[in-house]
Amino acid sequence: MRIGNGATELDARGREIAANLQAVTGRIGGAARAAGRDPASVRLVAVTKTFGVDDVRRLAALGVTDVGENRDQEAAPKAAAVPALRWHFIGQLQRNKARSVASYASCVHSVDRVRLVAALDLAAQQADRTLDICLQLRLDDDPAHGGAASRQLPALADLVEEAGSLRLAGVMCVPPSGADPDSAFAAAAAIAADLRRTHPTASMFSAGMSGDLEAAIRNGATHVRVGTALLGGREHFLG
Ligand SMILES: *Cc1c(COP(=O)(O)O)cnc(C)c1O
């Protein structure tokens, strides 16, 4: 990624984010090259949750094109303020938020059930938009965690493909806490590859965060979702 050249216009926070972005871009490039992959085959989604719209603008000024949020209440006003970015919705999503999310998101990473597919399709249709959809894969046995079990993915993928205003983009996963990231991403990548045999458009593999992006890239991640390493810890967030 090209890092914006407006260095002299950056405030102190902008310089901090620029340095973080350079480090993250370096990590992505290093991991990709180590895996024999083109660094350009990995897209950075900057996760801006809990950080203000000023930080979103700073990231955009530095050349970031894709941003991610996990709560609609927070994402909607930020997306309205900086609509030129590609907004990714990455959090657990309730059906009653589908209409709002479909109005600004380019991609929803966290689709994990039939009724959410239907709600997003209707909402996208009403907004006259097409949404990219990733199916979120759950890698543990606790249904309280977001995501669908691997055996549910093909039927969900069929439904997304049949939906007029959705496009099946791929698979997203978050490793269970405490799991070894390499094993978790390898397992998820195998399931995603299986799905692609019957659903060839599902080429996106959204995997990897600040702490484990190298392992994700080794295992084929096309999109990494990075918050802390770009913007710092979220301890300022009380909620
Ligand atoms: C917050 C969040 C991230 C970013 O995590 P960091 O560890 O801060 O990089 C990625 N994916 C999802 C689904 C998230 O909720």
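Everything below is about the structure printed above this text.
Residues numbered from 1 in each chain as written. Predicted model: local features only at pLDDT ≥ 70, side-chain atom pairs only at ≥ 80, totals over all residues. Heavy atoms only, no water.

1. Quick word on unusual backbone geometry
Then step 1. Located in the positive-phi region is Thr50, a residue other than glycine, with phi close to 75°.
Then step 2. Relative to the elements of secondary structure, Thr50 occurs in the loop between β1 (43–47) and α2 (53–61).
Then step 3. The residue Asp128 is not glycine, and still its phi comes out positive at about 55°.
Then step 4. Mapped onto the elements of the fold, Asp128 is located in the loop between α5 (114–126) and β5 (131–137).
Then step 5. Overall, Asp128 belongs to the exposed group, its relative accessible area being 72%. (Helix = DSSP H or I, 4+ residues; strand = E, 2+ residues; numbered from the N terminus. Buried < 20%, exposed > 50% of the residue type's maximum accessible area, 1.4 Å probe, protein only.)

2. A word on the site of the ligand
Then step 1. The local shell around the ligand consists of Val47, Lys49, Ile90, Met209, Ser210, Arg225, Val226, Gly227, Thr228 and Arg234.
Then step 2. Between the ligand and the protein, one listed contact pairs an oxygen atom with a backbone N or O atom of Gly227 at 2.8 Å.
Then step 3. At 2.7 Å, a side-chain N or O of Arg234 approaches an oxygen atom of the ligand.
Then step 4. Protein chains shield 86% of the accessible area of the ligand, which is 390 Å² for the free molecule.
Then step 5. For the shell around the ligand, the per-class residue count stands at four nonpolar, three polar and three charged. (Near = heavy atom within 4 Å. Polar contact = N/O pair within 3.5 Å; in protein donor to acceptor, adjacent residues only side chain to side chain. Areas by Shrake-Rupley, 256 points an atom, 1.4 Å probe, with all protein chains shown as cover. Nonpolar A, V, L, I, M, F, W, Y, C, P; charged D, E, K, R; others polar.)

3. Brief notes about the packing of helix α1 (residues 12–34) against α2
Then step 1. Look at α1 against α2: their axes get within 10 Å of each other, and the N-to-C directions meet at 55°. Classified by the angle between their axes, α1 and α2 sit oblique to one another. When you trace α1 past α2, the crossing you get is right-handed. Each of Arg13, Gly14 and Ile17 in α1 lies in contact with α2, whose residues at this interface are Asp55, Arg58 and Leu59.
Then step 2. Tallied by class, residues from the contact of α1 with α2 come to two nonpolar, one polar and three charged. (Axes fitted to C-alpha atoms, helices over the stretch in contact; angles between N-to-C directions. Parallel < 35°, antiparallel > 145°, perpendicular 65-115°, else oblique. Left-handed = near helix turned anticlockwise from the far one by under 90°. Contact = heavy atoms within 4.5 Å.)

4. Quick word on the side chain of Asp132
Then step 1. Considering the arrangement of structural elements, one finds Asp132 in strand β5.
Then step 2. Beyond its immediate sequence surroundings of up to four residues, Asp132 is in contact with Arg86, Ser106, Cys107, Val108, Arg167 and Ala169.

5. Description of α5
Then step 1. In this model α5 runs 19 Å from its N-terminal to its C-terminal C-alpha over 13 residues, within 8% of the 18 Å that 1.5 Å per residue would give.
Then step 2. Buried residues of α5: Leu116, Val117, Ala119, Leu120, Asp121, Ala123 and Ala124, and no others.
Then step 3. In this structure, the buried residues of α5 make contact with α4 (98–104), β4 (105–111), β5, α6 (153–162) and β6 (166–173).
Then step 4. Where α5 ends, the next residue or the one after it, Asp128, has phi of about 55°, a positive value. (Expected span 1.5 Å × (residues − 1).)

6. Notes on the pairing of β4
Then step 1. Along β4, seven of the seven residues are buried, which leaves the element largely enclosed by surrounding structure.
Then step 2. Across three bridges, strand β3 (residues 86–89) lies against β4 in parallel orientation. Each bridged residue has a counterpart across the sheet, and for Phe89 the counterpart in β4 is Val108.
Then step 3. Relative to β5, β4 runs parallel, the two being bridged by three bridges. (Pairing = 2+ DSSP bridges.)

7. What to know about the pairing of β3
Then step 1. For strand β2 (residues 66–69) and β3, the ladder comprises four bridges, and the chain directions are parallel. Looking at the pairing, Asp66 lines up with Arg86 of β3.
Then step 2. Taken together, β2, helix α3 (residues 72–81) and β3 constitute a β-α-β crossover, and its handedness is right-handed.
Then step 3. In the classification by handedness, the crossover that spans β3, the intervening α4 and the parallel β4 is right-handed. (Right-handed = clockwise from strand over helix to strand, strands pointing away.)

8. Considering the side chain of Thr222
Then step 1. Inspection of the secondary structure puts Thr222 in the loop between α8 (213–218) and β8 (223–226).
Then step 2. At 2.9 Å, the side chain of Thr222 forms a polar contact with the side chain of His223.
Then step 3. Apart from residues no more than four positions distant in its own chain, Thr222 is found in contact with Arg37, Ser41, Val42, Arg43, Ser203, Met204 and Phe205.

9. Here's the deal with the environment of Ala179
Then step 1. Relative to the helices and strands, Ala179 is located in the loop between β6 and α7 (181–198).
Then step 2. For Ala179, a relative accessible area of 32% gives the class partly exposed.
Then step 3. Counting along the chain gives 41 residues from Ala179 to Gly220, while the straight-line C-alpha distance between them is 18 Å.

10. Quick look at the pattern of salt bridges
Then step 1. Taken as a whole and judged by the stated rule, the model has 16 salt bridges.
Then step 2. Across the pair Arg13 and Glu16 runs a salt bridge, and its minimum N-O distance is 3.3 Å. Of the two residues, Arg13 and Glu16 both sit in helix α1, three residues apart, roughly one turn of that helix.
Then step 3. For Glu16, a relative accessible area of 40% puts it in the partly exposed group.
Then step 4. A salt bridge links Glu69 to Lys78; its shortest N-O distance comes to 2.7 Å.
Then step 5. A relative accessible area of 7% means that Lys78 is categorised as buried.
Then step 6. Connected through salt bridges with shared partners, the residues Asp11, Arg13, Glu16, Asp55 and Arg58 form a single ionic network. (Salt bridge = Lys/Arg side-chain N within 4 Å of Asp/Glu carboxyl O.)

Distances and angles like these do not, on their own, reveal function.
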